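Results of the structural survey
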Amino acid sequence: WGSFEKGGTSVRQFLTLPILVPIVLGIALLILQPKSRRVRSIYIMAASLATTALSLACIVLTYLYGSGFLACIMVRFNEAFSISLRIDGASMVYGAIVSVLWPLVTAYSLDYMSHEGHENRFFAFWLMAYGVVLGIAYSEDFLTLYFFYEVLTLTTLPLVMHAMDEKARYAGRKYLVYSLSGAAFAFIGIVFLLNYGVGHLNFTYGGILDQSLAAGNERTLELVFVAAFFGFGVKAAVFPFHGWLPDASVAPTPVSALLHAVAVVKAGAFAVLRLIYYGFGADFLRGSWAQTVVMTAAIVTIVYGSARALRTPHLKRRLAFSTVSNLSYILFALTLMTPAGMVGGMTHMVYHAFTKITMFCCAGAIILKSGKEYIYEMEDFGRAMPVVFATFTVSSFALIGMPPLGGFAGKWMIAEAAVASVNPLAYAGIAALILSTLLTTLYMLTIVVRAYFPVGELDRAALARVHDPARTMWIPLVLLTASGVILALLSNEVIGFLWNAVPRNW
C-alpha cells in the first residue's frame, strides 16, 4: 500500500462521489416528496446501493494503487485550509464498515418506517447522513474531519427527533447540546495542533506536533489533548458525557441501530483514533498524566455502562448502556497508545458494529410486532418470534465474547495489547474487561432465557398475536448475523488486514 500519486485529476474526483451522491439525492428526496411508497423505496435502495458501490470501489482502488491515488480537494479556502479527501488504512476500515452495513439497515428500515410516518423527511436525512459519515471516514486532515463531524450532528438531529413528541424533542435538545459542546473542545485541540504542529493538519501517523515548538509546552499540550479527547469522546459516549445516548433511544429503531453501531458513536471513536495516533502522536502522550486520565475514563466507562445495562429493564435503553460500555473497550485500546492497541480497538470496532446493529434491529422488530418494550414482558417470545430471537441470541453470545464469535476476537486483541503495553493501569483495564464480560453475560442472557424459558403464567391470547416481521425485515437480520459470523470465522484474515492498516507496517 504505497502513497504514490498516480491518479489524474478526473480520477481523483471519483472519491467525492460516495460523499456527494447520497447528500444530493437526500436533498432531492426532501424537495420532490414522492407520494408512492414503492417509488420511494426503489429510489432509497438504489441510492444506498449506488453509494456503497462507489465507496467500496474507492477502497479497492486505493488498496491496489496506494493512498494517494484518489486524494483530492473538494473545496480550497486558501493554501493552508481546504476540505480534502484521502483514503488510508484507517479510512478503509471505517469506510468499509459503513458501506457494508448501511444498505442492509436501509432495507430493514423501509418496512419499519412505514409504521412511523413522515418517511420522505426521514429518508432524506438518512441518505444525507450516509454521505456525511463517509466524509468523516475519508477525510484527509483534521479540518475536513471536523467539518463533517459537525455536519453529522445536524443531519442526524432530525432523525433523533423524528417523532417530534416531548421525549423526542428533549432527546434532540440534549443530543445537540452535548454534541456541539464536545465539538467545541475538540476544535480547541485542532487549533493547538495547527499552532504547535509542522504547519499542516494532514493526518500523519506518529503525529504532527513540531517537537521544537512543543518543547517546554508539554503540560499545556497534554491538557489540550485531554480536552479534545473528551470533546470527541462525547459522541463516543465516554463517562460522564454519555447521557445523550440512552435518551436518544427514543428515535426510530433504524436510527438507534446506526447511532449505536456505525454513524455517531463510531465516528467519535474514529476521531479519537485520529487525535491520538495521527494528531498529538502516541509517542508524545505515552507515559504522561494525560494518558492516565483518558485511560481511567475509558476503564470507568466500561464498568459503569455494563452495570447500568444490567439494572435497566427497558430493552433499547439496556442496549444503549451496553453501547456506552463497548465503545469504551475501543477507547481503552486506543489509549494504550501502541500499534497493538490501535489494532485491538479497530478489531472491536468491526465486530461490535455487526453485533450491535443486529441487536437493535431485533429490538425494533420485537417492539413493532408485539408493542412490548420491557424485558420482563418478553416471556416466551423466542417461540413466537423464532427468526428474530435466533439472530438476537447469536448476537448476544457474540457480544458476550463467546468463541469463535467476533466479540471474543476483539476482547482478546485488546487484552493482549494491554499486557504488551507494560502500563500498570492497563491491568486495571483488563480487570474491567473481565468484570464487564460477566455483567454482559448477565444482562444479555436474562433476555434470552426469558424468551425461551418463561416463568409464571403466560397470556396465550397476547402471544398468539406476536410473530416474526415480514421478509423485508427479517432477511436483513439474517444477513447481518451471517456476515458477523463469517467475519468471526475469518478473524485471522481480518486482524491481518487491520495490522496492515497501521502505517508503520505498510
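Every chain is numbered independently, its residues counted from 1 as its sequence is written. Two thresholds apply to this predicted model, a pLDDT of at least 70 for residue-level local features and 80 or more for giving and counting side-chain atom pairs, whereas whole-chain, interface and lining totals are computed over all residues. With hydrogens and water stripped out, all remaining heavy atoms of the structure feed into the side-chain values.

For any pair of aromatic rings, the description consists of the separation of the ring centres together with the inter-plane angle of the planes. Planes of paired rings set the category: under 30 degrees apart is stacked, over 60 is edge-to-face and the rest tilted, where pairs are Phe, Tyr or Trp rings (Trp by its six-membered ring) whose centres lie within 6.5 Å. The final tally for this structure, using the stated rule, is 26 aromatic pairs. Between the aromatic rings of Tyr146 and Phe187, the centroid separation amounts to 5.1 Å while the plane-to-plane angle is 45 degrees, which identifies the pairing as tilted. With Tyr146 in helix 6 (residues 142-160) and Phe187 in helix 7 (residues 166-195), this pair connects stretches of sequence that are 41 residues apart. Put simply, the rings of Trp102, Phe122, Phe123, Trp126 and Tyr130 touch in pairs and so form one group of aromatic residues. For Lys235, the ring lying beneath its charged end belongs to Tyr149, and the centroid distance is 4.4 Å. Directly above the aromatic system of Phe203 lies the positively charged group of Arg274, at a separation of 4.2 Å from the ring centroid. Strands are runs of DSSP state E lasting at least 2 residues, helices are runs of H or I lasting at least 4, and numbering of each runs from the N terminus. Put simply, a charge is over a ring when the Lys NZ or the Arg CZ is close to the ring centre, within 6 Å, and near the line of the ring normal, within 35 degrees.

Relative to the elements of secondary structure, Ala263 occurs in the loop between helix 11 (253-261) and helix 12 (264-280). For every residue, the accessible area (1.4 Å probe, protein chains only) is compared with the maximum for its type, and the residue is labelled buried under 20%, exposed over 50%, or partly exposed between those bounds. Using a relative accessible area of 3% as the deciding quantity, one classes Ala263 as buried. For Ala263 and Tyr63, which are 200 residues apart along the polypeptide, the C-alpha to C-alpha distance reads 23 Å.

Here the expected length of a helix is defined as 1.5 Å per residue gap, with one fewer gap than residues. Compared with the 33 Å implied by 1.5 Å per residue over 23 residues, the 33 Å span of helix 14 (residues 289-311) between its first and last C-alpha is a close match. Residues of helix 14 that are buried: Ala290, Gln291, Val294, Met295, Ala297, Ala298, Ile299, Thr301, Ile302, Gly305, Ser306 and Ala309.

Next up on the list: the pattern of salt bridges. The salt bridge criterion pairs a side-chain nitrogen of Lys or Arg with a carboxyl oxygen of Asp or Glu, the two atoms within 4 Å. Considering all chains together, one arrives at ten salt bridges under this definition. A salt bridge links Arg286 to Asp283, with the shortest nitrogen-to-oxygen separation between them at 3.0 Å. By relative accessible area, Arg286 is classed as partly exposed at 37%. We note a salt bridge from Asp380 to Arg383, for which the minimum N-O separation is 2.7 Å. Overall, the relative accessible area of 6% leaves Asp380 in the buried class.

The next subject is the nonpolar core. Residues Trp102, Phe225 and Phe332 are the most contacted members of the largest nonpolar core, which totals 174 residues. Among the elements that line this core, the one with the most residues is helix 16 (residues 339-370), at 16 residues. Contacts of Phe225, omitting those with residues within four sequence positions, involve Leu275, Ile276, Phe280, Leu285, Ala290, Val294 and Met337. What makes a nonpolar core is a set of buried Ala, Val, Leu, Ile, Met, Phe, Trp, Tyr and Cys residues whose side-chain atoms join them at distances within 4.5 Å. Between two residues, a contact is recorded if the distance between any of their heavy atoms is within 4.5 Å.

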